[in-house]
Amino acid sequence: MISMEMDNQGTRDRTALTVAAETDLSTRLEFSSQSSRFQSAAILTISNTQILLYLGTGDGTILLLSWNPLNSSPMPSSANANGVGSSNSLNTSDDIVLLGSKNLGPHAIEAICTLQESNKVAALAGSFIFLFDVYLMESVNQLIFTKGASAMAKRMISPNMKISDERVSGFDLAAGLPRKGVSGSELRSGLQRRLSGEPSSWSTGHSFVQKIGVFGRTSKRSLLAPDLAKERMGNAGNKRVRNAQWAVAVGKRLFLCEILSTGTDSKMKEVIRHKQSSMVMNEFGLSGNMKVKELPGIEGVLTMAWLDNSIIVGTVNGYSVISIADGLSTPVFLLPDSSSPPLLKCIPRDAEVLLLVDGVGIVVNGAGQPTAGSLLFKYHPNSVGQSGSYVVVAKHGKLELYHKGTGFRVQSISLATTGHSIIADENGGNFVVVATELKVSCLQQVSIEEQLKELLRKKSYDEAVYLAEECINRGEEEHAKERLAFVHAQAGFLLLFDLQFQKAVDHFLQSEVMQPSEIFPFIMPDPNRWSPLVPRNRYWGLHPPPRPLEEVVENGLSTIQREALLKKAGVATGPFTVGETMLPSSSSRSILLELAIQNIIRYLKASRNKDLAPLMKEGVDTLLMYLYRVLGLTEEMEQLASSENSCVVEELEALLEESGHLRTLAFLYASKGLQQRALDIWRIIAQRNLTIPLQGSSVMRKRGKESTGLTHDQLAAAVEAARLLEESSDHKLVLEHLTWIIEMDQDLVVKVLTSSKRSSPLPPDEVFSSVDANAIDVHQRYLRWLIEDQGSEDVRFHTLYALLLAKAAIDGTESISEDVTSHEEAAEIAAGCVLNEKNKFSKDHSHIDEEVQETDEQNDKQLICRSIRERLQSFLLSSDKYDAEAVLELIKASELWPEQAILYRKLGEETLVLQILALKLEDSEAAEQYCAELGRPDAYMQLLDMYLEPGDGKEPMYKAAVRLLHCHGESLDPLQVLEIVHCLCRAVNLDARLSRFEERSRQVQINDESLCDSCHSRLGTKLFAMYPNDSVVCYKCFKRYGEHICPVTGRDFEKNAMFKPSWLVRMNEKNSGI
């Protein structure tokens, strides 16, 4: 009777091994005695359809059983209230066949070792090693040199072991005479008869096989099994065949044995027929194809394991490692006095050995160094085995499985008997045999898929992922990566229905086989546009069919409520997936639904980076936009719509318009090339509650957007519309929408008109006819772009540009003049306001701030006006394509004298140019330069006449005239110059007289408070004197220093004369504004 139970500690329990076949030999008369109980066991995998079981009894008999695992299936079981399953039948399985037996003597068989490479089996009984063939068809060889043997172990080669390192040097070929009692000829003839199927009088096992042949359903063909070795060895090809190697502990010695491989059964027959001398046994029980090497060992070895080039042995004192290269031994662990017997298990595929210290399993490498965490067993086992990643321990009819990597116990199997249990395995394979008393149970590893299903059903998602990843790390299966992705997807769906949305999406993102379309039914109910894309595979069918997230949340909350009620009633239920406090309510539903949508969004965003089919991309982007809209994530919606996307407009435009996400809809239209629709949306947004009048000239207006009274959305709409129009070559469309953009920002209009992104420029005539004439700044900047950047030579454009610049310059000049006048008037009014006796101005801080602001605005206006005039002057000088008369007619009445000079020069009005330069601008240098450019001597005479007779009531400009005579006298007519000089001399004489008269006519006011500048005495009514440097002193000081020396400064005016500007010079400076 066998029962199975899972570990109740934690959630890592599962069924990793299951009983596939079992048999009970206790009913056989031959095994009824106590001495017939099983003492050792081993298995040998011949093929997929045959596994040989070797069982050693206490009376020295070797039993050979055959098991076909393909014909076996897990034995049926039923569960009771405690969750323990038991087999329904105790009958012997028909899949286990007893093939034969041999008796090795009266002593118990302590250990069995299969040497598959040489088709041999070794057994330890009565302190000797016996060799026999795998089918018990040949005679048994007793190795005399192993007398006193206490343990043996086959050499295990790890996958990382190099082939060059596998060879053991120092083997000596044994020689000698045949074993006593059996002659060489008799041995050879007996083997020949066994191979040919003939009866042998010396085969002790033959009669036994005949005796139990009915029970084992054996036949001549099944007993001989001539094709099994071929089936096992035939596919080897040219691969290197290893020799069978094993070690034997004899007292303080170690014997390393090697049997040269004979290959197939047919080769064995050839050896017998043609090389009979090689089969002759010497007195030590060795044949010619066996080699032995002796090493120093450790006395009292009870258990041992040979891994690569190290042998680990266990005694009552502890464990040691022995190197086969030099025979040196190194202690690993010391056992306490009261410790259980040592026990070893070699794990070759991981290059590790498990050492048992009481109830603790310590994993070490070949050098004896720990490599992993320890395994904690509940007891010290009788035997240890391995199946895949699991360590199997047995004691008193109970098996337990521990995961070697994590250390968790994953399964416990209870056998019907409680006797000594022995485990035999195929060194990490899928099959394990447990022998207890006279009962044999064959267990096979449950497929990875079934283990994963069980873990997923029990919500052990991390353990399932770990198991799938372990298969990848070991490289055991071809489709391990695909299965891991499968597990992630299945775990994700289970977690999704458990309302653990974040963990669910984490698994989805790690699955390489899951398609984004599998999420679509959770967002949009079927049928929909993408229903054909949804795969119909439900993985292992562990989760319900997809349904909208609202239903998932509702059903999940109902399940939680039901579990809570059952828990209150004392009925055991599974763990809550969301929380005991998350009971159904409107708030909990909304919270969970929002959480679900947020994580689905996270998955769809990650899916956008994958290489998907076009239709799949449409579904991902459209549903992503749909979920953004549900959560009101406006910024994310606009970002998705404005970037490259695969959204389906027909699925979203009605929803976006209904929810008021017009900006997103406009971005979406634009991304799909629907510019007309996008611009219509932007116009609707921009013209909401618009009450801004059209600005006239934008030259002097404030350019700050905050001063326009527009909202941020309106300005942003204008910006986005302008961005689309910059790239559009549809002239009609561009000009149509510029009519409303100009109301938002004229800078944007200019940017659209002058854009270089469109394939063909806009027709200028259509632009001028469409753009309002009052938008002077737009016209001006567009004309500048046409002329300077596009190189237009159209007279109309040049003239219009000059007129617009001139008009702007006139407006700017007049505005500045008005500001200056108003500012001066305000200053005069403020100066006349007296606050109190301290004569403080009646101005508070706010008034001061207003004045500062007005000053800054005035400075800005001056800078703008100066820039416009510089641009106008530069254009008038550089261009020859404009109508100078039209421009001159506009500015003739203004104060734009430099501009007028340029225009008159263009028109050839030389006299007017000189008048402006000399008299209006009073720029003597420019006037002289212009005369030089004319190249006529009379030009200088004309300029000289203008200086001396400026007209309009202006005083003569003598200084400029003198400069002209000095610099360009050689270019003047001498007679005319003499006449002019005569006039100048008379003027200079007159100037001297006037200056002297003015100096003597100066008046000085003296009052009671006046003091002498030298002695500082009060002048009062005393006499005083005034010197040319304006120093006023008393008469006493005047007499003391004299009339030529200043008492204040000490200056002698006779020696150091003092000069002052003449009357004409001062008048000239006064008239010129200096």
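Please read all numbers here as calculations on a predicted model, not as lab measurements.

*Asks:* Before we go on, may I ask you to explain the overall build of the protein in this structure?
*Replies:* For the protein, the helix and strand inventory stands at 33 helices and 34 strands. Of all 1074 residues assigned to the protein, the portion counted as buried reaches 47%. In the protein, 59% of the contacts between residues at least 6 apart in sequence involve partners at least 24 apart. Total accessible area on the protein is roughly 53500 Å²; 50% of this is exposed by carbon and sulfur atoms.

*Asks:* Teacher, can you tell me more about the pairing of strand E16 (residues 253-259) here?
*Replies:* The side chains of a regular strand alternate, first on one face of the sheet and then on the other. Buried residues dominate E16, accounting for 6 of its 7 residues. Two strands pair when backbone bridges link them, and strand E15 (residues 244-250) and E16 are joined in this way by 7 bridges, in the antiparallel orientation. Across the sheet, residue Val-250 finds its bridge partner in E16, namely Arg-253. The hairpin turn running from E15 into E16, its antiparallel successor, is 2 residues long, and Gly-251 in that turn takes a positive phi close to 60°. The pairing of E16 with strand E17 (residues 290-296) spans 7 bridges and is antiparallel. Within E17, the position partnered with Leu-254 by the bridge is Leu-295.

*Asks:* Just checking my understanding: could you explain the side chain of Glu-400 for this structure?
*Replies:* Along the chain, Glu-400 falls in strand E28 (residues 398-403). With relative accessibility at 0%, the residue Glu-400 sits in the buried group. In terms of polar contacts, Glu-400 uses its side chain to reach the side chain of Tyr-402, at 2.7 Å. Setting aside its immediate chain neighbours within four residues, Glu-400 contacts Lys-378, Tyr-379, Val-391, Val-392, Val-393, Arg-409, Gln-411 and Ser-412.

*Asks:* Which parts of the structure should I look at to understand the confidence of the model for the protein?
*Replies:* For the protein, the mean per-residue pLDDT works out to 79, and 76% of the residues sit at or above 70. Under a pLDDT of 50 for its full length, residues 263-281 has, in the predicted model, 40 contacts with residues more than four places off or in other chains.

*Asks:* Looking at this structure, I do not really get a nonpolar patch on the surface. What am I missing?
*Replies:* On the surface, Val-1004, Phe-1024 and Met-1026 cluster together into a nonpolar patch covering about 210 Å² of accessible area. Examined against the element boundaries, Met-1026 turns out to sit in strand E33 (residues 1024-1026). For Met-1026, a relative accessible area of 32% puts it in the partly exposed group.

*Asks:* Can you walk me through the sheet that holds strand E3 (residues 38-47) in this structure?
*Replies:* In sheet architecture, strand pairing relies on hydrogen bonds along the backbone and comes in two forms, parallel and antiparallel. Spatially, E3-E4-E5-E8 is the arrangement adopted by the 4 strands of the open sheet, whose pairing is antiparallel. This sheet does not close on itself; its edge strands, each paired only once, are E3 and strand E8 (96-103). Taken over all neighbouring pairs, the strand axes of this sheet differ in orientation by 20° on average, direction set aside.

*Asks:* How do you make sense of the packing of aromatic side chains when you look at a structure like this?
*Replies:* Aromatic rings considered in pairs are described by the distance between their centres and by the relative angle of their planes. Within the structure shown, the criterion is met by 20 aromatic pairs. Ring geometry for Phe-486 against Trp-540: centres 4.8 Å apart, planes inclined by 65°, an arrangement best described as edge-to-face. You can see Phe-486 sitting in helix H8 (residues 480-497) and its partner Trp-540 sitting in the loop between helix H10 (520-523) and helix H11 (549-568), a full 54 residues away along the chain. With a centroid separation of 6.1 Å and an interplanar angle of 25°, the aromatic rings of Phe-493 and Phe-522 are classed as stacked. One end of the pair, Phe-493, is in helix H8; the other, Phe-522, is in helix H10, and 29 residues separate them in sequence. The pair Phe-493 / Phe-522 is uniform in exposure class, with both members buried. An aromatic cluster is defined as three or more aromatic residues linked by ring pairs; in this entry it consists of Phe-486, Phe-493, Phe-497, Phe-508, Phe-522, Tyr-539, Trp-540 and Tyr-603.

*Asks:* How do you make sense of the pattern of salt bridges when you look at a structure like this?
*Replies:* Pairing between side chains of opposite charge can happen when their charged atoms approach one another. The tally for this structure, following the rule as stated, stands at 41 salt bridges. For Glu-299, the salt bridge goes to Lys-252, with nearest N and O atoms at 4.0 Å. Of the two residues, Glu-299 is situated in the loop between E17 and strand E18 (303-307) and Lys-252 in the loop between E15 and E16; the sequence distance between them amounts to 47 residues. By the burial criterion, Glu-299 is exposed, and Lys-252 matches it. For Glu-928, the salt bridge goes to Arg-963, with nearest N and O atoms at 3.1 Å. Highlighted residues: Glu-928 in helix H28 (residues 924-934) and Arg-963 in helix H30 (residues 958-968), separated in sequence by 35 residues.

*Asks:* Just to check I follow, could you spell out helix H13 (residues 614-631) for this structure?
*Replies:* Think of an α-helix as turning once every 3.6 residues; residues three or four places apart then point the same way. Here H13 is 18 residues long and its end C-alpha atoms lie 26 Å apart, about the 26 Å a rise of 1.5 Å per residue gives. Those residues of H13 not exposed but buried are Met-616, Gly-619, Val-620, Asp-621, Thr-622, Leu-623, Leu-624, Met-625, Leu-627 and Tyr-628. Count one or two residues on from H13 and you reach Gly-632, which has phi positive near 70°.

*Asks:* Explain the environment of Phe-493 to me, please; I cannot follow it from the model alone.
*Replies:* Judged by its relative accessible area of 2%, Phe-493 is buried. Each residue touching Phe-493, except ones within four places of it in the same chain, is listed here: Phe-508, Met-514, Glu-518, Phe-522, Tyr-539 and His-543.

*Asks:* I tried to follow unusual backbone geometry on my own but got confused; where do I start?
*Replies:* What you tend to see is this: most non-glycine residues have negative phi, and most peptide bonds are trans. Here the residue pair Asp-526 and Pro-527 is connected by a cis peptide bond, since its omega of -5° sits within 30 degrees of zero. Its location among the elements puts Pro-527 in the loop between H10 and H11. If you check the backbone angles, Asn-119 has positive phi at about 55° while not being a glycine. Topologically, Asn-119 is positioned in the loop between strand E9 (109-115) and strand E10 (120-125). Looking at Asn-119, the relative accessible area reads 8%, which means it is buried. One non-glycine residue with positive phi stands out, namely Lys-459, at about 65°. In this structure, Lys-459 sits in the loop between helix H6 (448-457) and helix H7 (461-474).

Rules and cut-offs
- Residues numbered from 1 in each chain as written.
- Predicted model: local features only at pLDDT ≥ 70, side-chain atom pairs only at ≥ 80, totals over all residues.
- Heavy atoms only, no water.
- Helix = DSSP H or I, 4+ residues; strand = E, 2+ residues; numbered from the N terminus.
- Buried < 20%, exposed > 50% of the residue type's maximum accessible area, 1.4 Å probe, protein only.
- Contact = heavy atoms within 4.5 Å.
- Areas by Shrake-Rupley, 256 points an atom, 1.4 Å probe, with all protein chains shown as cover.
- Pairing = 2+ DSSP bridges.
- Polar contact = N/O pair within 3.5 Å; in protein donor to acceptor, adjacent residues only side chain to side chain.
- pLDDT = per-residue confidence, 0-100.
- Patch = residues over 30% accessible without salt bridge, like charges linked within 9 Å, V, L, I, M, F, W, Y side chains within 5 Å.
- Salt bridge = Lys/Arg side-chain N within 4 Å of Asp/Glu carboxyl O.
- Axes fitted to C-alpha atoms, helices over the stretch in contact; angles between N-to-C directions.
- Phe/Tyr/Trp six-rings, centres within 6.5 Å; stacked < 30°, edge-to-face > 60°.
- Expected span 1.5 Å × (residues − 1).

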